[in-house]
Structure formats: C-alpha cells, structure tokens
Protein chains: 2
Amino acid sequence: MLEKTTKRKANANLHVYIARSIGERILGGEFVPGEILPNEAQWGKAFGSSRTAVREALKTLTAKGLIASRPKIGSRVQPKIQWNLFDRDVLDWHHAAADRHDFLNSIQEVRHMIEPGVAELAALKRSPAQLERVLQAWNGMKTAKNLEHTVAADVEFHEALMAAANNALIVPFGIIIEKALGNLFDFTTQRNDRHTEALKMHGAIVKAVTARNGPAARKAMTVLLNDTDRLIEVTINPQAKAKPKTPKKTIQSDRT
Amino acid sequence: MLEKTTKRKANANLHVYIARSIGERILGGEFVPGEILPNEAQWGKAFGSSRTAVREALKTLTAKGLIASRPKIGSRVQPKIQWNLFDRDVLDWHHAAADRHDFLNSIQEVRHMIEPGVAELAALKRSPAQLERVLQAWNGMKTAKNLEHTVAADVEFHEALMAAANNALIVPFGIIIEKALGNLFDFTTQRNDRHTEALKMHGAIVKAVTARNGPAARKAMTVLLNDTDRLIEVTINPQAKAKPKTPKKTIQSDRT
DNA sequence: CAATAAGTATTGTATGACAAATATGGTCAA
DNA sequence: TTGACCATATTTGTCATACAATACTTATTG
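Residues numbered from 1 in each chain as written. Chains lettered and ligands numbered in written order. Predicted model: local features only at pLDDT ≥ 70, side-chain atom pairs only at ≥ 80, totals over all residues. Heavy atoms only, no water.

**Looking at the nonpolar core**
Across soluble globular proteins, nonpolar side chains have a tendency to be buried as a group.
Working step 1: Grouped together as the largest cluster of nonpolar side chains are 96 residues, with contacts concentrated most on A:Ile26, A:Phe173 and B:Ile26.
Working step 2: Beyond its immediate chain neighbours, meaning those up to four positions away, A:Phe173 contacts A:Phe86, A:Val110, A:Ile114, A:Met162, B:Phe86 and B:Phe173. (Core = buried A, V, L, I, M, F, W, Y, C linked by side-chain atoms within 4.5 Å. Buried < 20%, exposed > 50% of the residue type's maximum accessible area, 1.4 Å probe, protein only. Contact = heavy atoms within 4.5 Å.)

Printed below as a string of structure tokens:
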C-alpha cells in the first residue's frame, strides 16, 4: 500500500491533488470509517511532498467531514453521517461503482421530494430575468446537437429552475442533479425517440412557470420525474421492465 | 479593520479558531462575494499567528466553498452559489440577524418539501432498530423537563426519522432541522399549552411509522409542519396573526 | 494494586526560504 | 496612438526544520 501515485493532473495544486487522491480512496472504501490513516510523514513520502502540502490536504478533507485529526492518534475516517454529501468534490470522488445503483436511487428519491416543490416555487416567485434563464435553457435543449449538449442543457434547465425558486437552500441541489443526469448519461445510449418526448415534458414546465401556475408546474415536474424513473429502471436494470417497486410507487404520489 | 481579535475558545486549535473568525466575518457580510481578503501575512499579524496556521484555516474555508485563492491575486470571496450551506460550520457562522427571518422561511420551505417524503420513506423502509430510535426520541419529548430538553428531543426525533428513511442524501438535512428548531427556540417563549398539542402530532407520525403506513406518515408530518409554520409566523411576526401568505399556502398542499 | 510519573508517537505551530503564478506598468516598435 | 512584448512586484504554493502540545503506553513508586 501507499505506492507512489502517478499522473498528477496538471493545473491542480499539489495539496489539491493530494486531497483528491486520499478523498477518492476514502470514498472508494479503501479506508473505512473509524480507521486511522497513515500519518502525515508517511503520506508525504508516498506523494513525494512535504508535510505542509499533506497537512493542507488533510485540512480540506477535515472541512468536508471525511476525517478528524488528533495529536498522538492520527487522522481517523469519520462516520459516514458526517460526510458532506452536498459537497461537489465529495460527490465527484464518490464514483465507486459498487453502490452506484443504490446511490442513483437515493438521488431520485430526493428529486421526487424536492423538484415538484421547486417547480411550484419557481412558478410563484420567479423574476423576469430568472424566467429568461429557464427559457434559454429550454432553448438549449431544443437546439442541442448531440447527447452531451442535451445533458448539459438539461442540467442547466433544472438549475435555472432552482435559482428561480429564490431559496438559498435549494441551490446546493444543483450538484445532485448534475450527478444524476451525468450518471444517466453514462448508462443510457443515444435514443432520439425519447428526446422529443422529454422536450415536451420540459415544455409543460416552462409553460406553467411562465404562466405563474404553481400547481401545474408541480404536476408537470412530477410527470417528468416519473418518466425519468422508468428510464433509469430500464437502462440500469434492463430485465425489470415493469416491476411495480412498491416503495417507489407510493413515493411518487405527489399528485396535486 | 483587522484589529486583533480576542477570546479564543480554549480547546480549539488555532487554525480552527482562525477559520471560524474569518468565516463568521464572511457570512456576516463584512467581506462580500468578489471581494479580496487581506493576504496571508496580514491575517497572521492580525491573529498573532504564523502563516502556516492562517493557510490551514484558509484551506478549510476553501473546502467549504467560501473562498478561492490564486497567486498574486489573493483569496477572493466566492459567489454565494458556491457556499456549502449544508455544512454545519457554515450554518453556525450564519447567525447574522439581518436575514434571519428570510433564512428561517427558506428552511421551512425546504422542510415542507423533504419531511413528508422522509416520513413516508421511514414508514416503508425502517428497520426495527431505526423504529426503536424514533420511539425513544418520542419518549424523550414526553418526559422532557424544560424547553431545552424538549427542543433537543424534537431534533432527535426528526433526525431519527431521517435515519430511518435509509437514504444517505437525507441525512445532511439534520443540520437544517437543528438550525430551524434552534432558531425557533430562540424566538419562542415557554408555552406549555402548545406542548401537549405538539406531542400529539408527533405521536401520529410515530403511529404511522410503526404501522408501516406511508401515506398516513406523510400526512401527519404535513400537519405538523403546517402547525410549525403558524408558530413561526406568530412568534417572529406577531402582528401578522392570520395573514394568508398565498405562496406559502399553495406550497403546503402536500395533500395525499 | 493503584496512582503517578516518564517515555513516545503524532499532530499543531512557528520560521525562513524559495518557486510559481500573474496582474501591473513600462518599453519599444509599427 | 496603439499594440505586442517584457520586466517587475506581489501573492500564494511548496519545502525543510525545529519545537510545542497532546494523549496513549509503559515504567515507577507508594
């Protein structure tokens, strides 16, 4: 263990690189909660760096809730409860394929809770400029040339909607959306037939938000999410074409 | 500016203290997004510390999304979008009385989105041990001797419910709940008449979760939240006894 | 045997030095 | 005048070394 790691991403500072390296190994399960990491000197040797750089990296990890350090003890991996899952870095490091399906499922559950409410708030509280951003994102979806552009525009659409909700606590969910749609992008294949359908559903949201119709916005978003659920089920778990999945179903009951 | 700050909390490491000091001043609006902080040497002088300690503090703030540093430029306060509002420290530093009401309102909006779904998930997916924790929290509410105990038990109740939902992304909301109920604690006066009522509403949730009745759990939680809304309105904004508040009202329509 | 002291490993802090990045202003040429 | 280029200064980034503070482990002592 602790073999000298290789390719350091250019442009990144050393302590950033070290933080990412260690962070990935924690998120990947190589170091489990309660376990004590190698000490700072050992990390320094492993990365061929000074203790200073290692310490700054460890402070970063501490700030994100991944570890806690104490003299004479060392740096101990914190219980997962403490991990800051709404941190973009932490989420990026969380690419262990192991529980990918479960995690994506968790994300969808949360989206079902949040996004209908977001759509409704956006419809009610949006400013003209915020509406404009939503419209432009929708336009981006319509004119997207490939799947990558489509996903980017889709993410932008949802983030614009969140911004329009005028609630500071909603903003952090943007990274969750990115993660969800990014993962979906990984799994899904080009399927242009779905594109027009998705466009229509997003259009319904746009229409409701434009008209300041809260309940309609909520409903349109719920429809969209339910459709996404089906897509996830099919792409990730192909053999389960139409399994009812009782818990999922009841959760979806956001009917207004 | 930059006068030597005083009382450093014993037990806390120097870089932790420095991070909190600067963090509070950023959250308090003393340094606004886009603004460039004093450089590391200046901070060192201000705190009577070494650059090392200052740098570790700044790395902490960087990890929480509050600042970004570049050579020759300095450390610049990030746009609020980047701030990690689901970080416990950031939330603690966010005690500027200025937008307190707005922020509490944002929290309530999010609770309305999340918690009914949480209650439903908990009812459907809880383990026996997780149910036990909920029951104990409820017991704690019943036997609480003063308002402080009541609030603590109330927080524990909601966090237990979140744990029972078995969704990793839900856990971070615990700190939001703490903040909300803590603030409520600051504003509210002892009102024992409300206590029995609150107990009853929590009891309805307990009953539904015990019976694995998802929809009932959702509904009970919605009732509780609506009541909390009224409490907040009255305690914070006493003259607005029964103002309809159209946006709020429609959001509350989580009727199943 | 229990309480206390000494030893020791690890993080915390300080200091000084140099490297790397980059905004700023000045120089020179077209 | 204007534009490209270059030198300079400022700030963060990294390094090396030393010592302090903390808290676990072991030895010592009553």
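**Here's the deal with the packing of aromatic side chains**
Working step 1: Taken as a whole, this structure holds 12 aromatic pairs over all chains when the rule is applied.
Working step 2: Geometrically, the ring pair formed by B:Phe31 and B:Trp43 is edge-to-face, given 6.0 Å between the ring centres and 75° between the ring planes. Taken as a pair, B:Phe31 in the loop between helix H1 (14–27) and helix H2 (40–47) and B:Trp43 in helix H2 lie far apart in primary sequence, 12 residues in all.
Working step 3: With a relative accessible area of 1%, B:Trp43 lands in the buried category.
Working step 4: One aromatic cluster is present, formed by A:Tyr17, A:Phe31, A:Trp43 and A:Phe47 through successive ring pairs.
Working step 5: Across from the ring centre of A:Trp138, 4.0 Å away, lies the NZ or CZ of A:Lys142, which sits over that ring. (Phe/Tyr/Trp six-rings, centres within 6.5 Å; stacked < 30°, edge-to-face > 60°. Helix = DSSP H or I, 4+ residues; strand = E, 2+ residues; numbered from the N terminus. Lys NZ or Arg CZ within 6 Å of the ring centre and 35° of its normal.)

**Some words on the interface of chain B and chain A**
Working step 1: With 43 residues of chain B at the interface, the matching set in chain A holds 43 residues.
Working step 2: Of the roughly 3900 Å² buried where chain B meets chain A, counting both sides, 64% is carbon and sulfur surface.
Working step 3: Our enumeration of links across chain B and chain A arrives at 4 salt bridges.
Working step 4: Between B:Arg55 and A:Glu56 there is a salt bridge whose closest N-O contact spans 2.7 Å.
Working step 5: The interface formed by chain B and chain A contains 12 residue pairs in polar contact (both at pLDDT 80 or more).
Working step 6: Among the secondary structure elements, those contributing two or more residues to the side of chain B that touches chain A are helix H3 (51–63), helix H5 (100–125), helix H8 (173–187) and helix H11 (246–251) of chain B.
Working step 7: Sorting elements by how many residues they give to the side of chain B that touches chain A places H5(B) first, with 13 residues.
Working step 8: Looking at the side of chain B that touches chain A residue by residue, the class counts come to 21 nonpolar, 10 polar and 12 charged. (Buried area = accessible area lost by both parts, 1.4 Å probe. Salt bridge = Lys/Arg side-chain N within 4 Å of Asp/Glu carboxyl O. Polar contact = N/O pair within 3.5 Å; in protein donor to acceptor, adjacent residues only side chain to side chain. Nonpolar A, V, L, I, M, F, W, Y, C, P; charged D, E, K, R; others polar.)

**Quick look at the protein's contact with DNA strand D**
Working step 1: In the neighbourhood of DNA strand D, 25 residues make up the surrounding shell, with A:Leu14, A:His15, B:Arg51, B:Arg55 and B:Lys72 lying closest.
Working step 2: Looking at DNA strand D alone, sugar and phosphate atoms form 68% of those within 4 Å of the protein.
Working step 3: A distance of 3.4 Å separates a phosphate oxygen of DNA strand D from a polar side-chain atom of A:Asn13.
Working step 4: Within the backbone of B:Glu40, one N or O atom sits 3.2 Å away from a phosphate oxygen of DNA strand D.
Working step 5: Looking at the surface near DNA strand D, the elements with two or more residues in it are helix H1 (14–27) and helix H3 (51–63) of chain A together with H3, strand E1 (67–70) and strand E2 (74–77) of chain B.
Working step 6: In the surface near DNA strand D, the residues fall into 5 nonpolar, 10 polar and 10 charged. (Near = heavy atom within 4 Å.)

**Considering the protein's contact with DNA strand C**
Working step 1: What surrounds DNA strand C is a group of 24 residues, the closest being A:Arg51, A:Arg55, B:Leu14, B:His15 and B:Ser50.
Working step 2: A breakdown of the atoms of DNA strand C within 4 Å of the protein gives sugar and phosphate a share of 68%.
Working step 3: Between DNA strand C and A:Arg51, the relevant distance is 2.9 Å, taken from a base nitrogen to a side-chain nitrogen or oxygen of the residue.
Working step 4: B:Asn13 places a side-chain nitrogen or oxygen 3.5 Å from a phosphate oxygen of DNA strand C.
Working step 5: Among the elements of the structure, H3, strand E1 (67–70) and strand E2 (74–77) of chain A together with H1 and H3 of chain B are those that each provide at least two residues to the surface near DNA strand C.

**Brief notes about the pattern of salt bridges**
Side chains that differ in charge, positive against negative, can pair when their charged atoms come close.
Working step 1: Taken as a whole and judged by the stated rule, the model has 24 salt bridges over all chains.
Working step 2: Measuring nitrogen to oxygen at the nearest pair gives 3.1 Å for the salt bridge that ties B:Glu109 to A:Lys125. Remark: A:Lys125 occurs in helix H5 (residues 100–125) and B:Glu109 occurs in helix H5; the pair is interchain, linking two chains.
Working step 3: On the accessibility criterion, A:Lys125 (26% relative accessible area) is partly exposed.
Working step 4: B:Glu120 is paired through a salt bridge with B:Arg218; the nearest N and O atoms lie 2.6 Å apart. Of the two residues, B:Glu120 is situated in helix H5 and B:Arg218 in helix H10 (residues 214–236); the sequence distance between them amounts to 98 residues. The burial state of B:Glu120 is the same as that of B:Arg218; both residues are buried.

Interpretation in functional terms is not warranted from these geometric data alone.
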